Amino acid sequence: MAERRIALLGATGSIGRQALEVIAANPELSVCALSSRSQSLDALAAEHGVADVQVGGDLTDLLEASQPDLVLNAVVGFAGVRATLWALEHGVALALANKESLVAAGDLAVAAWKRGGGLLLPVDSEHSAVFQCLEGHAPETVDSVVLTASGGPFRNHSRADLESVTVEEALAHPTWSMGPKITVDSATLANKGLELIEAHFLFDLAYERIEVVVHPTSVVHAFVRFRDGAALAHLGYPDMRVPISFALSFPNRSATAVRPLDFSAGMSLEFEPPDSERFPLLRLARNAGERGGTYPCAFNAANEVAVAAFLDGRIRFPEIAHLVEEAIDAVDGASARDLAELVEADEQARHLTERRLAAV
Ligand SMILES: NC(=O)c1ccc[n+]([C@@H]2O[C@H](COP(=O)([O-])OP(=O)(O)OC[C@H]3O[C@@H](n4cnc5c(N)ncnc54)[C@H](OP(=O)(O)O)[C@@H]3O)[C@@H](O)[C@H]2O)c1
């Protein structure tokens, strides 16, 4: 394979750093561009021999300048939307970790993807798993998809216990080591809600055909059920280097440093349904997804603001869901015809949530 030149957006984050490790270990991959929001990129650029770097600013300028073969979007939040749309519109292969961009801009992204005709490779471990289970199967043979959730650090907490959880407790994820925003999203199950909407757009599946199940050890990442009664599962230790490597080296499935599954000490796999009473954000995300238009965008925007407020110690954990519910109830959810209208919908939901926060 000719060397694949990768633009790595969000290089200083949890996914970004693991991606650099994967790229450094694979002679078929190289980095042609790096970005961050505010952290310096000097050391990373020197280490990886990268000329095009950008701290802050419009990521599409960096993409235009570097003309990559593949974009890995590992930015966190709505800030990743423009880069996602750029790659899809230009038919440049997109390895997508930034789930918020597909949630917020799903309709625009799918339209751009169809026009651009490039590859869209999921980096989220559950979606990478579904992608792999679906490979080689005709769409009409697929019955449904099941995404697994670890249940987060508060899986066994009562509603009363959830009132008093701390930021430190929310950041102590039982199975995955990730950036702060997604770690809090995993604790509220908003992350699985975002993934539900992401799966809808990635795999063109109706919401009633996407199920979520809690699986505390995160060894099974997803299932695909087929019409003949068979189900395929994707298993592996929870380690993001696997889906990152899969997406960056697709279709070659390059070797990684991750150890294969070991059954010598035995292994039991447990599953239970999610509890939407204690973790309402999963239900709210499903409702937002089913309503369509810019409801998913509003869900995402309100959640970003509420999570930042929780991390700043301004609100208690259960208030994240209350704020998101209030924002969704307040917006009109009208479809966005273009990026400007989407940005407007995002800002409207952010302002609503910030106003509510000021009153808390
Ligand atoms: N971490 C995981 O295991 C994991 C798994 C699945 C999916 N994901 C998804 O992958 C994405 C990245 O997650 P992460 O955990 O790697 O996040 P993270 O550790 O917080 O890193 C975020 C990266 O994005 C940059 N960034 C933040 N805000 C930005 C903005 N407004 N404009 C441009 N760049 C910005 C940061 O730069 P600075 O360092 O300068 O702030 C950093 O490089 C998220 O969408 C997350 O949901 C993550």
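So, a few notes on the structure that sits alongside this text. (Residues numbered from 1 in each chain as written. Predicted model: local features only at pLDDT ≥ 70, side-chain atom pairs only at ≥ 80, totals over all residues. Heavy atoms only, no water.)

1. A closer look at the pairing of strand 8 (residues 210-214)
Right, on to step 1. Burial runs high along strand 8: four of the five residues are buried.
Right, on to step 2. Sheet topology places strand 7 (residues 142-149) next to strand 8; five bridges connect them, and they run parallel. Each bridged residue has a counterpart across the sheet, and for Val146 the counterpart in strand 8 is Glu211. (Buried < 20%, exposed > 50% of the residue type's maximum accessible area, 1.4 Å probe, protein only. Helix = DSSP H or I, 4+ residues; strand = E, 2+ residues; numbered from the N terminus. Pairing = 2+ DSSP bridges.)

2. Let's talk about the pairing of strand 4 (residues 70-73)
Right, on to step 1. Residues Leu70 and Leu72 line one face of strand 4 and the alternating positions Val71 and Asn73 line the opposite face, and both faces are buried.
Right, on to step 2. Pairing of strand 4 with strand 5 (residues 93-96), which is carried by four bridges, proceeds in the parallel orientation. In the strand pairing of strand 5, Asn73 is matched with Leu96.

3. Considering the site of the ligand
Right, on to step 1. Taken together, 24 residues surround the ligand, and among them Thr12, Ser38, Gln39, Glu100 and Gly179 come closest.
Right, on to step 2. Between Gly10 and the ligand, the recorded distance is 3.2 Å, taken from a backbone N or O atom to an oxygen atom.
Right, on to step 3. Within the side chain of Glu100, a nitrogen or oxygen atom sits 2.6 Å from an oxygen atom of the ligand.
Right, on to step 4. In the complex, 89% of the free accessible area of the ligand, which totals 900 Å², lies under the protein chains.
Right, on to step 5. Residue assignment for the shell around the ligand shows that the elements contributing at least two residues are helix 1 (14-24), helix 5 (99-104) and helix 10 (180-188). (Near = heavy atom within 4 Å. Polar contact = N/O pair within 3.5 Å; in protein donor to acceptor, adjacent residues only side chain to side chain. Areas by Shrake-Rupley, 256 points an atom, 1.4 Å probe, with all protein chains shown as cover.)

4. Details of the pattern of salt bridges
Right, on to step 1. For the structure shown, the criterion picks out 19 salt bridges.
Right, on to step 2. Across the salt bridge formed by Glu21 and Arg241, the nearest N and O atoms sit 2.8 Å from each other. Of the two residues, Glu21 sits in helix 1 while Arg241 sits in helix 12 (residues 241-249), which places them 220 residues apart along the sequence.
Right, on to step 3. Given the relative accessible area of 42%, Glu21 is considered partly exposed.
Right, on to step 4. Asp185 is the partner of Lys181 in a salt bridge, and the nearest nitrogen-oxygen pair spans 2.8 Å. In this pair, Lys181 and Asp185 are both assigned in helix 10, four residues apart and thus about one turn of the helix distant. Pair check on accessibility: Lys181 and Asp185 agree, each one buried. (Salt bridge = Lys/Arg side-chain N within 4 Å of Asp/Glu carboxyl O.)

5. Section: the packing of aromatic side chains
Right, on to step 1. One pass over the full model with this rule turns up six aromatic pairs.
Right, on to step 2. Taking 5.1 Å as the distance between ring centres and 85° as the angle between the ring planes, the aromatic pair formed by Phe154 and Phe317 counts as edge-to-face. Note that Phe154 is positioned in the loop between strand 7 and helix 8 (159-162) and Phe317 in helix 15 (residues 317-330), a separation of 163 residues in sequence. Note on accessibility: Phe154 and Phe317 belong to one class, buried.
Right, on to step 3. On the basis of an interplanar angle of 75° and a centroid distance of 5.7 Å, the ring pair of Phe310 and Phe317 is categorised as edge-to-face.
Right, on to step 4. On the basis of relative accessible area, Phe310 is assigned to the buried category, the value being 2%.
Right, on to step 5. Accessibility expressed as a relative area gives 4% for Phe317, which makes it buried.
Right, on to step 6. Pairwise contacts between aromatic rings join Phe131, Phe246 and Phe250 into one cluster.
Right, on to step 7. Over the face of the ring belonging to Tyr237 we find Arg259, whose NZ or CZ atom lies 4.0 Å from the ring centre.
Right, on to step 8. Here the guanidinium or amino end of Arg291 rests over the ring plane of Tyr295, the centre of that ring lying 4.0 Å away. (Phe/Tyr/Trp six-rings, centres within 6.5 Å; stacked < 30°, edge-to-face > 60°. Lys NZ or Arg CZ within 6 Å of the ring centre and 35° of its normal.)

6. As for empty space enclosed by the protein
Right, on to step 1. Throughout the structure, instances matching the rule amount to three cavities of 30 Å³ or more.
Right, on to step 2. Empty space within the largest cavity amounts to approximately 60 Å³.
Right, on to step 3. Ser125, Ser128, Ala129, Gln132, Trp176, His221, His234, Tyr237, Pro238, Asp239, Val242 and Pro243 are the residues that line the largest cavity.
Right, on to step 4. Counting residues per element, the ones that place at least two in the lining of the largest cavity are helix 7 (125-134) and helix 12.
Right, on to step 5. The dominant element in the lining of the largest cavity, judged by the number of residues it contributes, is helix 7, at four residues.
Right, on to step 6. Of the residues assigned to the lining of the largest cavity, the class counts are six nonpolar, five polar and one charged. (1 Å grid on protein atoms, 1.4 Å probe; cavity = no way out; pocket = protein on both sides within 12 Å on 5 of 7 lines; lining within 4 Å. Points joined across faces, edges and corners; volume = space filled by probe spheres on them. Nonpolar A, V, L, I, M, F, W, Y, C, P; charged D, E, K, R; others polar.)

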